[in-house]
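# Examination of the molecular architecture
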Amino acid sequence: MRAWSPTRDRAGRRAATVAGVLALAAVTVIAVDATAEDESPVDPLRSASGEVFGPVETGLDTAADPIEEVADQITTVDGLRDDNARLESENARLRAQLETVDIDRSRLEALSALYQLGDDHGFDLVTAQVTAMGPAQSFSQVVTIDAGTSDGVEADMTVINDQGLVGRVLRADHGSATVLLIVDASSVVGGRLGSDLELGMLRGDGDLSDGGRLSMSTIDQTVQPGPGDIVVTWGSRGGAPYVAGVPIGRVESVESSQRDQSMVAKVQPYVDFSALDMVAVVVGASASDDSTEQAAPPEGR
Amino acid sequence: MPVLRMLVYAALVVLAIGLQVGPLSDYAIRGVAPDLLLLVVVAIGLTYGPERAAVVGFLGGLALDLAPPSDHVAGRWALALVVVGYLVGLLRDDARQGMVGMIVAVAAASFVGTSIFALSGLVLDEPGVTVSRVLEVIPVAVLYDVALTPLLLPLLIALCRRLRPSSDEWVRAA
């Protein structure tokens, strides 16, 4: 129990003052960052911390791969006698090796599929691995990849994987970059319907589970997208932030919105965002086709 | 504060952030990953009291705000963890003994921290922050942090205690 004493009381008041000052400092940072227009004074701090945390995240991710495999196995070993346990863990180690081989193989397959995709579209690709992911507590769907400016990655580049469109680069540091996924609630992508080439805007719903859907509102309100239609990227001028012709997803259902009298199609993305691993950044498009439109790039953050 | 202790704190904070956005995001439950940094702040609060926990909470929270892949307005985790550090520090006399006290402290800390972060997002009108999502995320976050408490918090507290000189104030006060 707390015994009252003058020393404690003074220490308590001091702590309250320190906490109060720090809370005010935090509010100030929030205010400065939230009211900043294009260039926030916080941005240099962000890139500085990216230089520190990028390598840490890459290192921890690499270190965790074999540990995760072994940990999965060891849970079954618990409670057995020593002799048995030793054999089991030996077994576990071997199986973990095997599973790492599986992971490597599927990464290799993803990689070759990616290069195929790049060849088909005439994209220059830089491949990267997802090393960190923002948790649901932060309410934004962003990931870190282990490629940065030293690999030619810059802000507003398109990120794809072997399934389709993943997102775009928000910020790039020396050896890592932050990618905004298209399922993030602030993401807006221009899309084109495969069936009749009509255009629309796709917005994320902030849900990266399998239930996550993009809502696509067509620009021409008389257009009726049909379930099963394929949506590809519209592409903006210069390929930033999105290059044209990358598959996004498939129309699942169509609802008409009373509010603005337009059709809203629910699009199921091709990419499985909860299991992102190998991705590629489009660092250049050698053969840009003429489908890039005059329209301004979609407004995103 | 001796240099060594500050370095250990810094290493703890960097490691906690690196793990919670990195490898631990593979173990997310409905997208919610465990708040390791919050557990570090709680451990410091229960060992050293409100002042130091508020300072570590502020600096650690700011680092979490700025570390990739964060994309929200900076300062929100800093604000949340200052309050968490201060409040948990006030609880230390009651909560430092026994697992029940630790669990209550972590549950309160996780609830307060996640809520302040979420509410600041609602106030700032950040994309993706909606009341229904907030109500979905907070209980999962609290339960996940509480579930990790018996495993991690005693270790963290033991580490913090090793760092303190033996003649520190609450040893005498206790």
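To be clear, the structure that these remarks concern was listed above.
Report on the accompanying structure. (Residues numbered from 1 in each chain as written. Chains lettered and ligands numbered in written order. Predicted model: local features only at pLDDT ≥ 70, side-chain atom pairs only at ≥ 80, totals over all residues.)

### Structural notes on the overall build of chain B
- Scanning chain B from N- to C-terminus turns up 8 helices and 0 strands.
- Helices and strands in chain B line up, N terminus first, as α-α-α-α-α-α-α-α.
- Taken against the 2.2 N^0.38 rule, which gives 16 Å for 174 residues, the C-alpha radius of gyration of chain B at 16 Å falls within 12% of a compact globule.
- For chain B, the residues scored as buried account for 56% of the 174 residues in total.
- Contacts in chain B between residues at least 24 apart in sequence constitute 70% of all its contacts with a sequence separation of at least 6. (Helix = DSSP H or I, 4+ residues; strand = E, 2+ residues; numbered from the N terminus. Rg over C-alpha atoms; globule rule 2.2 N^0.38 Å. Buried ≥ 20, exposed ≤ 12 C-beta atoms within 10 Å, placed from the backbone. Contact = placed C-beta atoms within 7 Å.)

### Section: the environment of N161(A)
All names here are of chain A.
- With respect to the element layout, N161 can be found in the loop between strand 3 (158–160) and strand 4 (165–172).
- The buried category is assigned to N161, around which 23 C-beta atoms lie within 10 Å.
- With near-sequence residues (within four places) excluded, N161 lies in contact with A110, L114, V166, V271, L276, M278, V279 and A280.

### Let's talk about the environment of M6(B)
- Turning to its location among the elements, M6(B) is positioned in helix 1 (residues 3–21).
- Taking the C-beta count within 10 Å as the criterion, M6(B) has 11 such neighbours and is therefore assigned exposed.

### Looking at the interface of chain A and chain B
- Contact residues are listed per partner, giving 52 residues for chain A and 52 residues for chain B.
- Within the residue set of the side of chain A that touches chain B, elements represented by two or more residues are helix 1 (6–35), helix 2 (43–74), strand 1 (123–133), strand 2 (142–145) and strand 5 (177–181) of chain A.
- A per-element tally of the side of chain A that touches chain B places helix 1 of chain A first, with 13 residues.
- For the side of chain A that touches chain B, the class distribution of residues is 30 nonpolar, 14 polar and 8 charged. (Nonpolar A, V, L, I, M, F, W, Y, C, P; charged D, E, K, R; others polar.)

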